Amino acid sequence: MNTPRAAVLDFADVTVRRGEATLLDSINWRVDEGDRWVVLGPNGAGKTTLLQVASAQIHPTTGVAGILDEVLGAVDVFELRPRIGLTSVALAERIPRAERVHDVVVSASYGVVGRWREEYDALDHDRASDLLTEVGAVHLVDRTFGTLSEGERKRVQVARALMADPELLLLDEPAAGLDLGGREDLVSTLSVLAADPGSPATVLVSHHVEEIPPGFTHALLLRKGKVVAAGPISTVITAHNLSATFGMPLVLHHEDGRWTARRRTRQR
Ligand SMILES: Nc1ncnc2c1ncn2[C@@H]1O[C@H](COP(=O)(O)OP(=O)(O)OP(=O)(O)O)[C@@H](O)[C@H]1O
């Protein structure tokens, strides 16, 4: 008999309200060990809010958010957060521009942004170098973060998010602001990570089906704080579901593990 896989995220009726606004509306969602999820939706759909709950940055207004076998509200978030690797624009803005790339990565083992006087051992330094190699950024090791291009920064952030050996990896729009080559490089890196059985359960937030790395297993589509569809990627990423999510008729193509989408042109 197969042992059931542990739930990494287990959301039951998770709702987030701010004043009159409902940012997330009764989200039921389960992420298991080994899953690689993409969360897609238009601007304002609630994707970042969903990741803020999943990364224990905010609590649901109502409902229950289970994270790594703990329940948000009944656990010390300062013990929970180091078990989660996160990349987001908000986090990137906190990285000192004068910080050496190696230090940006190695300092994640203490959960700090900006190296101060912490002591790191050889294993930490080796791990930081290995991760920078894995994301194709080892040549940048002695550069300062502020001198990197947007694409190089994204790679360094992925290495940093993996440094503390997280049980859950959350990537909020890692391809935003990248040019075509940068996006393609990042998609390849994430695809290699996805294929590695040693990689943690992963949730990638994006606006574009073109950014889904081959090997991702599940998708959740969000619109106006509600789930349009969620489950195995091949059943969820359909023209019908995407059209409902983005509120326009879309044509979808799937080739060599990659998706592309465009608006359906009117038939005369
Ligand atoms: N404190 C707040 N009070 C009221 N509304 C808020 C608050 N914070 C966020 N919102 C709204 O909640 C909605 C969801 O925001 P969120 O950032 O989660 O969306 P998103 O899907 O990540 O959007 P984007 O793709 O544009 O980054 C947006 O309409 C936003 O304006």
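The following paragraphs examine the structure supplied in this document. Note that this is a predicted model, so its numbers are computed, not measured.

This part takes up a negative patch on the surface. Side chains of Glu33, Asp69, Glu70, Asp76 and Glu79 sit close together on the surface and give a patch of like negative charge. Take Glu79: it is sitting in helix 2 (residues 77–80). Assessed through its relative accessible area of 57%, Glu79 is described here as exposed.

Another point: the environment of Gly225. Relative to the helices and strands, Gly225 resides in the loop between strand 9 (218–223) and strand 10 (226–232). Assessed through its relative accessible area of 0%, Gly225 is described here as buried. C-alpha separation for the pair Gly225 and Ala239, spaced 14 residues apart in sequence, amounts to 20 Å.

Packed helix pairs are characterised by how far apart their axes lie and by the angle those axes make with each other. Interhelical geometry of helix 5 (residues 122–134) versus helix 6 (residues 150–163) gives an angle of 140 degrees and a closest axis separation of 9 Å. Taken together, the axes of helix 5 and helix 6 are oblique relative to one another. Considering the relative orientation of helix 5 and helix 6, their crossing is right-handed. Only Val156, Ala159, Leu162 and Met163 of helix 6 make contact with helix 5, whose side of the interface consists of Asp124, Arg127, Ala128, Leu131 and Leu132. Per-class residue counts for the contact of helix 5 with helix 6 are seven nonpolar, no polar and two charged.

With that settled, the discussion passes to the sheet that holds strand 2 (residues 21–32). Pairing within the open sheet is antiparallel, and its four strands lie in the order 2-1-4-5. The sheet terminates laterally at strand 2 and strand 5 (70–71), the two strands that pair on one side only. Contacts between helix 1 (residues 47–54) and the sheet are confined to strand 1 (7–18), strand 2 and strand 4 (62–67), with strand 1 contributing the most and set at about 125 degrees to the helix.

The next subject is the sheet that holds strand 3 (residues 36–40). With mixed pairing, six strands are arranged side by side in an open sheet as 6-7-8-3-9-10. The sheet is open, and its two edges are formed by strand 6 (84–87) and strand 10, each paired on a single side. Across the sheet, the axes of successive neighbouring strands diverge by a mean angle of 15 degrees, strand direction being ignored. When strand 9 meets strand 10, the two strands line up antiparallel, connected through six bridges. Note that in strand 10 the partner of Ala219 across the bridge is Gly231. Helix-sheet contacts for helix 6 involve strand 6 and strand 7 (168–172), and the interaxial angle to strand 6 is about 165 degrees. Sheet contacts for helix 9 (residues 239–246): strand 3, strand 9 and strand 10; angle to strand 9, the most-contacted strand, approximately 35 degrees.

Here we take up the environment of Trp37. Looking at where Trp37 falls in the secondary structure, it is placed in strand 3. With a relative accessible area of 4%, Trp37 lands in the buried category. A sequence separation of 86 residues divides Trp37 from Leu123, and the C-alpha atoms of the two residues are 30 Å apart.

This paragraph deals with the nonpolar core. If you look at soluble globular proteins, the nonpolar side chains tend to sit buried side by side. Val38, Leu40, Leu132, Val156, Ile212, Ile233 and Ile237 are the most contacted members of the largest nonpolar core, which totals 45 residues. Considering each element in turn, this core owes the most residues, six residues, to helix 6. Leu9, Ile27, Ala45 and Leu170 belong to the second largest nonpolar core, which has 33 residues in total.

Criteria and thresholds
Residues numbered from 1 in each chain as written. Predicted model: local features only at pLDDT ≥ 70, side-chain atom pairs only at ≥ 80, totals over all residues. Heavy atoms only, no water. Patch = residues over 30% accessible without salt bridge, like charges linked within 9 Å, V, L, I, M, F, W, Y side chains within 5 Å. Areas by Shrake-Rupley, 256 points an atom, 1.4 Å probe, with all protein chains shown as cover. Salt bridge = Lys/Arg side-chain N within 4 Å of Asp/Glu carboxyl O. Lys, Arg positive; Asp, Glu negative; His and termini not counted. Charge placed at Lys NZ, Arg CZ, Asp CG, Glu CD. Helix = DSSP H or I, 4+ residues; strand = E, 2+ residues; numbered from the N terminus. Buried < 20%, exposed > 50% of the residue type's maximum accessible area, 1.4 Å probe, protein only. Axes fitted to C-alpha atoms, helices over the stretch in contact; angles between N-to-C directions. Parallel < 35°, antiparallel > 145°, perpendicular 65-115°, else oblique. Left-handed = near helix turned anticlockwise from the far one by under 90°. Contact = heavy atoms within 4.5 Å. Nonpolar A, V, L, I, M, F, W, Y, C, P; charged D, E, K, R; others polar. Pairing = 2+ DSSP bridges. Core = buried A, V, L, I, M, F, W, Y, C linked by side-chain atoms within 4.5 Å.

From the geometry alone we can't say anything about function, so treat these as descriptive.
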